Amino acid sequence: MTHTVPTLPLPDFAHERVEVITGRRSGLFLTVALHSSALGSALGGARLWTYAHWSDALGDALRLSAAMTLKNAAAGLDAGGGKSVIALPPGTTLDADRRRAAFLDLGDAVESLHGLYRTAEDVGSTTDDMLVVSERTEHVVGLPDAVGGSGEPAGPTSLGVYEALRATLERVAGTADVAGRRITISGLGQVGSRLAVRLSAEGARLTVTDVNPAKRDLATELGADWVTPGQEHLAPADVFVPAGIGGLLTDEVIDALDAKAVCGPANNPLADHSGAERLAGRGILYAPDFVVNAGGVIYLDLEAKQLGTRAEIMDRVAQIGDTVRRIFDTADSRGVTPLEAAEGLAAERLAAGGRQPALAH
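On a predicted model such as this, the values are computed, not experimentally measured, just so you know. Residue numbers here run from 1 along each chain, matching the order of that chain's written sequence. With pLDDT at 70 or above as the cut-off, local features in this predicted model cover only qualifying residues; side-chain atom pairs require 80 or more to be listed or tallied, and sums for whole chains, interfaces and linings still use all residues. Hydrogens and waters are ignored; side-chain quantities use all the structure's heavy atoms.

### Some words on the packing of helix α4 (residues 154-173) against helix α11 (residues 310-318)
Every angle, taken between N-to-C directions, lies between 0 and 180 degrees, and every axis is a line fitted to C-alpha atoms, over only the stretch in contact when it is a helix. Numbering of helices and strands runs from the N terminus; a helix is a DSSP stretch of H or I covering at least four residues, while a strand is a stretch of E covering at least two. Packing of α4 against α11 brings their axes to within 8 Å, and their N-to-C directions diverge by 35°. Only M314, V317 and A318 of α11 make contact with α4, whose side of the interface consists of P156, L159, G160 and E163. Throughout, a contact is declared for two residues whenever any of their heavy atoms are within 4.5 Å.

And the structure:
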């Protein structure tokens, strides 16, 4: 079954540089979007996904790269924002040779930016794919553990989401304890699945869904309720966790959402920026995605720069919960949405040119 990204309008263009090519080996549409290098070499993953039209892939790269600027700035990293996308036409399945060709093409595209952008695995790509990219450029992080790389970042991402979710629960339920709390997870990929397993083990009451029906086996294993994709927002929940592809929270979904809060790892879950105000208008607390899901990029950047042991880096990832608490406090004191507060945190750091680490304590 082929699943495509929702078609959304092209965002405003505020990027330093965007490469758009047809891969000379694979024949596929590739784009590398460098949004900002103000804080250092940009870091953002390489997405391999199906799009109805190449312009949808370009729009996704523009949105995701801009979100990476916010994410890396708010996370206190000396890294700018970028993203790369390899677009598959509907119905396309890559065999091993063409997949390898696609990531060699990506390596060439990344190399053309001469170190201003570093790539990593993302939705649809793997650490092994990054090893292929490394044949064409050194500007890649998250290589397999077996070759001395930092490996799969989904674990650190999941840890950050877990700590953010606890901070969110603290606001809407009075305690960070997940036991007995109703949590809906939309998307059981690498991060969503890890989160579901941990929350189930701690006694949460889970409702889950995924566009891949095979994921229903995990729901059964965890004793979670399964709902049809597209209906998950109707399930009563303390926290709704968007963990799939972006754009899920349309005006219609927000208006029908039966949850006290939204906190999840999906990039750009709001179909429109105004969705943050719409959620606030319904009394639904929103933990901004680019803060919640920063664990993976924190891990990859600090590992690549050898800034601490793995244990120290994971402690840094866990501080995402404290950042979320601070954002909620700022939003309350200023009378703005948490999204506006988080964007303000990132903007302040960008304006300071990296002199104020956002996660310093």
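### Observations regarding the packing of aromatic side chains
Only Phe, Tyr and Trp rings take part, Trp by its six-membered ring, and two of them pair if their centres are within 6.5 Å. Stacked means planes under 30 degrees apart, edge-to-face means over 60, and tilted covers everything else. Summed over the entire model, instances satisfying the criterion amount to one aromatic pair. Ring centres of F29 and W54 lie 5.7 Å apart, and the angle between their planes is 35°; this geometry places the pair in the tilted category. Of this pair, F29 sits in strand β2 (residues 29-36) while W54 sits in helix α1 (residues 54-74); the two residues are 25 residues apart in sequence, bridging distant segments of the chain. Per-residue accessibility, obtained with a 1.4 Å probe over protein chains only, is compared with the maximum for each type, and a residue is labelled buried under 20%, exposed over 50%, and partly exposed between these values. Judged by relative accessible area, which is 46%, W54 ranks as partly exposed. It is R198 that lies over the ring of Y162; its NZ or CZ is 3.6 Å from the centre. Charges are assigned to positions over rings by a cutoff of 6 Å between ring centre and Lys NZ or Arg CZ, combined with an angular limit of 35 degrees from the ring normal.

### Quick notes on unusual backbone geometry
Positive phi, close to 50°, is recorded for N268, a residue that is not glycine. Mapped onto the elements of the fold, N268 is located in the loop between β11 (259-262) and α8 (275-281). Its identity is not glycine, yet Q306 carries a phi of approximately 55°, on the positive side. Mapped onto the elements of the fold, Q306 is located in the loop between α10 (295-304) and α11. Residue Q306 is classed as exposed on the basis of its relative accessible area, which comes to 70%.

### Let's talk about α10
Judged by how many residues are buried, α10 sits mostly within the fold: nine of 10 residues are covered. Within α10, burial applies to G295, G296, V297, I298, Y299, L300, D301, L302 and E303. Residues of α10 that are buried in the fold lie against β3 (42-43), α1, β6 (117-118), α4, α11 and α12 (320-334). Positive backbone phi, approximately 55°, marks Q306, located one or two places after α10.

### So, the nonpolar core
Grouping buried Ala, Val, Leu, Ile, Met, Phe, Trp, Tyr and Cys residues that are joined through side-chain atoms within 4.5 Å yields what is termed a nonpolar core. Of all hydrophobic cores here, the largest spans 74 residues; its most connected members are L165, I185, L199 and L206. The element contributing the most residues to this core is α4, with eight residues. Counting 23 residues, the second-largest nonpolar core is a separate cluster that includes L106, V110, Y117 and V133.

### Considering the side chain of D122
Residue placement: D122 occurs in the loop between β6 and α3 (127-133). Taking relative accessible area as the criterion, D122 reaches 16% and is therefore assigned buried. Two N or O atoms form a polar contact when they lie within 3.5 Å of each other; inside protein one atom must be a possible hydrogen donor and the other a possible acceptor, and for residues adjacent in sequence the pair counts only when both atoms belong to side chains. Polar contacts involving the side chain of D122 include one to the side chain of R47, which spans 3.0 Å. Residues contacting D122, with those up to four places away along its chain left out, are G45, A46, R47 and K83.

### So, helix α13 (residues 338-351)
The span you would expect from a helix comes to 1.5 Å times its residue count less one. Here α13 spans 20 Å end to end across 14 residues, near enough to the 20 Å set by a 1.5 Å rise per residue. All of the buried residues in α13 are P338, L339, A341, A342, G344, L345, A346 and R349. On its buried face, α13 sits against α1, α8, β12 (285-286), α9 (289-292) and α12. G353 occupies a position one or two residues after α13 and carries a positive phi of about 65°.

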